[in-house]
Amino acid sequence: MTIVREINDEKRHGQHYTPTELAVFLADRSFATTVLQKKTITVVDPACGDGELLIAAAQAARSAGFTGSLNLIGYEIDEAAVVAANRRLQAIGVQAEIILGDFLVHQRDMGSGTVDLIITNPPYVRTQHLGQEAARLLANEFALTGRVDLTHPFVSVASRLLRQGGTLGLLCSNRFLTTLSGENVRRTLMSGELQVCELYDLGDTKLFKAAVLPAVIIASKTPPMGLPAKYVSAYEVAGSNGDAGGELFEALGAAESGTAFHNGKHYEVKVGSFVPPTDTKTPWRISDPSSDQWLESIEKRTWKTFGDIAKIRVGIKTTADRVFLGDDWKRSAPEVEEELLLPLITQSNIAPWRTSDHLEMKVLYPYDLSAVKRRVLDIEEWPGAKAYLHSHEEQLRGRKYVIEGGREWYEIWVPQRPALWAEPKIVFPDISENPRFALDTTGAVVNGNCYWISMSDIEDADIAYLMLAVANSSLGLRYYDEVCGNRLYSGKRRWITQYVKRLPLPSPETAEAQKLIADARALATGGEVNPEQIAQLDSDVAAAFSASPRRNSSDQQSGSEATLF
């Protein structure tokens, strides 16, 4: 029995309340690992909100067959949530101690090895919202400042507080699985204190009302058990019809991969195992015999990676786009000199192989384009730009980090390398369902929602075309999904430096690779791209690696995304 929640689902202080069905799943999986042969089990929720996880824990304990005493403790910094939690727990006859206070402060007074189960959905907040004492604690004890995800300190504290054999049931963002910012969490979970038992990447299942891509980690404070942990992922399958497929949470608990139908959407539920990588920078991925064998065959035939060949740069970041970017500069008052307005490539201008011929956006770029390194122009020599920038001076001077960095107040925060814009370059958007790697020869500037690789960094132009071929192929797409796996809602992927640099290249010396280079050159510099050419490219990439690309069922052809040509 669960009573209606009394406060808004969007949790104060940066956290969203755990949906009931997800709370039940987390609690059930946590108690499946928890040692039950005890008279008393102590359960702590460090950020209990309105008590949903504590309620689920009480129900899961009984369902698991525990007949002893359950010591439930919750911490919460929101007074209204504490009131709601007490009322909900009392309504179903569950005894719990709900403490109004910050767990990260109180945990210092708790004895090591005193807790059997920590079940938690940590908030995502700015440090300053936690109060001065908690902020100092994060800075001193965990070296975290600024905008921080509390997953890291919560996991660190859990490894100290749990008894030997105790369990951590963690619900958090799935970003820690694959991003550089999640390395500290991965490091803590791989430190040896905690052993990952089960891992669930719940992807775009939309279990929260907010745009949250969750993950569930069940870890135990036990010695290594020798068997790999279960690893499950669930992502939407595009284009499926009907209501075929099992219930989502049943599919997550299954021993084999399958499909699920949830909230009107179909999901591919992939079941495999987790084999920790040898370093904490490497993203975590699902391991299964078929995928592992395929990756091994690719790696055997990999000559170099994209990161070995050239530097991958993000586009410019102005931190004042309304001032520096525009599509109708003729209307600007005062009017800016045309020489300082450069065409700008954004996400919408990039299709596989080529950028649009018509770039509507332009950027006010106050830098010497002949300079290898950043050299800002003297605006005294550009009266139109000077007057325009001064009309926005208050906003631009408000960017104190620019001035404190020894820069002029009218500069772009990240202008990149001015002299390189004139060189041909490979450009691609940072978020896209399918790969969109294009050759640009217009000399345009690249916006901050895209990345670029200057061909001046690549010794041989043939290698650049080889990179385009692999990146735009079905094989390249599958490699991304198998190795990087950072997918967002509706199948969209993050094409950022840490992932793209890992894409493989076959040896350019083989006949297969030479044909592939010719294919890519024709696609990047020729006329309209047609499906037959894309199919031939996929075949040629597979031949160059001597491996089948084998598309995922949810993926379209890499060239099927809307083209601009």
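Just above, that's the structure.
We now turn to the structure provided with this report. Computed from a predicted model, the values in this text were never measured in an experiment. (Residues numbered from 1 in each chain as written. Predicted model: local features only at pLDDT ≥ 70, side-chain atom pairs only at ≥ 80, totals over all residues. Heavy atoms only, no water.)

**Description of the overall build of the chain**
Note the following rule: Only DSSP runs of H or I with at least four residues qualify as helices, and only runs of E with at least two residues qualify as strands; both kinds are numbered from the N terminus onward. For the exposure calls, accessible area comes from a 1.4 Å probe over protein chains only, and a residue counts as buried if that area is under 20% of its type's maximum, exposed if over 50%, partly exposed in between. Whether two residues touch is decided by their heavy atoms; if any such pair falls within 4.5 Å, the residues are in contact.
Across its full length, the chain carries 20 helices and 25 strands. The proportion of buried residues among the 565 residues of the chain is 55%. When contacts within the chain are restricted to residue pairs at least 6 apart in sequence, those whose partners lie at least 24 apart make up 75%.

**Topic: helix H6 (residues 151-161)**
Helical geometry: 3.6 residues make up each α-helical turn, so side chains three or four residues apart lie on a common side. Most of H6 sits out of view: 10 of its 11 residues are buried. When we look at burial in H6, the residues that qualify are Thr-151, His-152, Pro-153, Phe-154, Val-155, Ser-156, Val-157, Ala-158, Ser-159 and Leu-161.

**Concerning the packing of helix H19 (residues 511-525) against helix H20 (residues 531-545)**
As a reminder, the rule being used: Here, axes are lines fitted to C-alpha atoms. For helices the fit covers the stretch in contact, and angles between N-to-C directions go from 0 to 180 degrees. Any angle from 65 to 115 degrees is called roughly perpendicular, while one under 35 is roughly parallel, one over 145 is roughly antiparallel, and all others are oblique. Crossing chirality is assigned from the near helix's rotation relative to the far helix, an anticlockwise turn below a right angle marking it left-handed and a clockwise turn marking it right-handed. Residue polarity is assigned by list, with Asp, Glu, Lys and Arg as charged and Ala, Val, Leu, Ile, Met, Phe, Trp, Tyr, Cys and Pro as nonpolar; anything else, Gly included, falls into the polar class.
It is the contact of H19 with H20, at a shortest axis distance of 9 Å, that shows an interaxial angle of 155 degrees. Taken together, the axis directions place H19 and H20 in an arrangement best described as roughly antiparallel. Read as a crossing pair, H19 and H20 show a hand that is left-handed. Contact residues: H19 offers Glu-512, Ala-513, Lys-515, Leu-516, Asp-519 and Leu-523, while H20 offers Gln-533, Gln-536, Leu-537, Asp-540, Val-541, Ala-543 and Ala-544. For the contact of H19 with H20, the residue count by class is 7 nonpolar, 2 polar and 4 charged.

**Concerning helix H10 (residues 289-300)**
Stated formally: What a helix is expected to span follows from its residue count: subtract one and scale by 1.5 Å. Directions are taken from the helix axis to each C-beta atom, and the arc is the one they span. As used in this structure description, the phrase polar contact means that two N or O atoms lie within 3.5 Å; if the pair is within protein, one of them must be able to donate a hydrogen and the other to accept it, and residues adjacent in sequence are counted only when both atoms belong to side chains.
An ideal rise of 1.5 Å per residue puts 16 Å on 12 residues; H10 measures up with 16 Å between its terminal C-alpha atoms. Those residues of H10 lying buried are Ser-291, Trp-294, Leu-295, Ser-297 and Ile-298. Seen end-on, H10 carries its buried residues on one side only, within an arc spanning 160 degrees. Of the exposed residues in H10, those oriented more than 90 degrees away from the buried face are Pro-289, Gln-293 and Lys-300. Buried residues along H10 sit against strand S12 (265-274), helix H17 (474-483), strand S25 (504-505) and H20. Residue Asp-288 occupies the N-cap position of H10, its side-chain oxygen lying 3.1 Å from the main-chain nitrogen of Ser-290.

**Brief notes about the packing of aromatic side chains**
Put simply, the rule reads: Aromatic contacts are taken between Phe, Tyr and Trp rings whose centres are within 6.5 Å, Trp giving its six-membered ring; a plane angle under 30 degrees counts as stacked, one over 60 as edge-to-face, and the others as tilted. Charge over a ring is defined by NZ of Lys or CZ of Arg lying within 6 Å of the ring centre and within 35 degrees of the ring normal.
Summed over all chains, the structure comprises 17 aromatic pairs. Note on Tyr-231 and Phe-274: the rings are 6.1 Å apart at their centroids and 75 degrees apart in plane angle, and the pair reads as edge-to-face. You can see Tyr-231 sitting in strand S10 (residues 229-236) and its partner Phe-274 sitting in strand S12, a full 43 residues away along the chain. Each member of the pair, Tyr-231 as well as Phe-274, is classed as buried. Judged by centre distance (5.4 Å) and plane angle (85 degrees), the rings of Trp-409 and Tyr-410 are edge-to-face. For Trp-409, a relative accessible area of 7% gives the class buried. In this arrangement the basic side chain of Arg-313 is found over the ring face of Trp-452, its NZ or CZ atom lying 5.4 Å from the centre. Across from the ring centre of Tyr-235, 5.2 Å away, lies the NZ or CZ of Arg-487, which sits over that ring.

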